[in-house]
Amino acid sequence: MPTIVVDVMPKAELLDPQGKAVAGALARTGHSGFTGVRIGKRFELTVDGPVDDELRAGVKQIAEEILSNSVIEDVVGIHYVESNAELAEESLEAAIEHGDEGYVAPAGETH
């Protein structure tokens, strides 16, 4: 099943007290080189079936109207991720289509 990942961050012009607290903790614990930290939200939506244009439009609307507060947050990314099982299935289908037998263990080796 495909997973849709929506990333939401506070608007750049707004203060991020959580990020500021983490930045302070990094400095106090000797982790230098970081000039700032911003903390956002990540949503993972799993869907049954294919991800088509209609679903993508619906997810964009959901991200803007439900998952984020447009006054103080921006939707910074919507990513569509296939599960490992789907990738394996696609790979197998491609291999079958191209007559590839996949991995063949050398004689005497078992896997």
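Cut-offs applied
Going along each chain's sequence as written, the residues are numbered from 1 onward. Local features in this predicted model are restricted to residues whose pLDDT is 70 or higher, and side-chain atom pairs enter the listing and the counts only when it is 80 or higher, whereas totals over whole chains, interfaces and linings include all residues. Note: side-chain values were computed over all heavy atoms of the structure, leaving out hydrogens and water. Helical segments are the DSSP runs of H or I of at least four residues, strand segments are the runs of E of at least two, and each set is numbered from the N terminus. Relative accessible area decides the class of each residue, using a 1.4 Å probe on protein chains only: under 20% of the type maximum gives buried, over 50% gives exposed, and in between gives partly exposed. We call two residues in contact when some of their heavy atoms are within 4.5 Å. By definition, two strands form a pair when at least two bridges between them are found by DSSP. For helices, the fitted axis covers only the stretch in contact; all axes are lines through C-alpha atoms, and the angles between them, taken along N-to-C directions, range from 0 to 180 degrees. Take the number of residues in a helix, subtract one, and multiply by 1.5 Å to get its expected span. Taken from the helix axis, the directions to the C-beta atoms give the arc we talk about.

S.K.: It is not clear to me how the overall build of the protein chain should be interpreted in this structure. Could you clarify?
M.R.: For the protein chain, the count of helices and strands is three helices and three strands. Counting from the amino terminus, the protein chain carries its helices and strands in the arrangement β-α-β-α-β-α. Of all 111 residues assigned to the protein chain, the portion counted as buried reaches 16%. Expressed as a percentage of contacts within the protein chain between residues at least 6 apart in sequence, the contacts between residues at least 24 apart total 76%.

S.K.: Explain the sheet that holds strand β3 (residues 73–81) here, please?
M.R.: Think of a sheet as strands paired side by side through backbone hydrogen bonds, with each pair either parallel or antiparallel. The sheet built from three strands is open, its strands ordered β2-β1-β3 with antiparallel pairing. Lying at the two open borders of the sheet, with one neighbouring strand each, are β2 (41–46) and β3. For this sheet the average axis-to-axis angle between neighbouring strands, irrespective of direction, equals 20°. Across eight bridges, strand β1 (residues 3–10) lies against β3 in antiparallel orientation. In the strand pairing of β3, Val-6 is matched with Ile-78. In the packing of helix α2 (residues 53–67) onto the sheet, contacts are made with β1, β2 and β3, and the angle to β3 comes to roughly 150°.

S.K.: Even after reading the chapter, I still don't get the side chain of Thr-3, so can you show me in this structure?
M.R.: Structurally, the position occupied by Thr-3 is in strand β1. For Thr-3, a relative accessible area of 17% gives the class buried. Those residues within four positions of Thr-3 in sequence are excluded, and the remaining contacts are Glu-44, Leu-45, Thr-46, His-79, Tyr-80 and Val-81.

S.K.: Would you take a moment to explain α2 for this structure?
M.R.: Counting along an α-helix, one turn takes 3.6 residues, and residues three or four places apart therefore face a common direction. With 15 residues, α2 ought to run about 21 Å at 1.5 Å a step, and its terminal C-alpha atoms sit 20 Å apart, in line with that. Buried residues of α2: Val-59, Ala-63 and Leu-67, and no others. Around the axis of α2, the buried residues are gathered within 45° of arc, so they sit on the same side. Along α2, the residues that are exposed and aim more than 90 degrees away from the buried face are Asp-53, Glu-54 and Glu-65. On its buried face, α2 is in contact with β1, β2 and β3.

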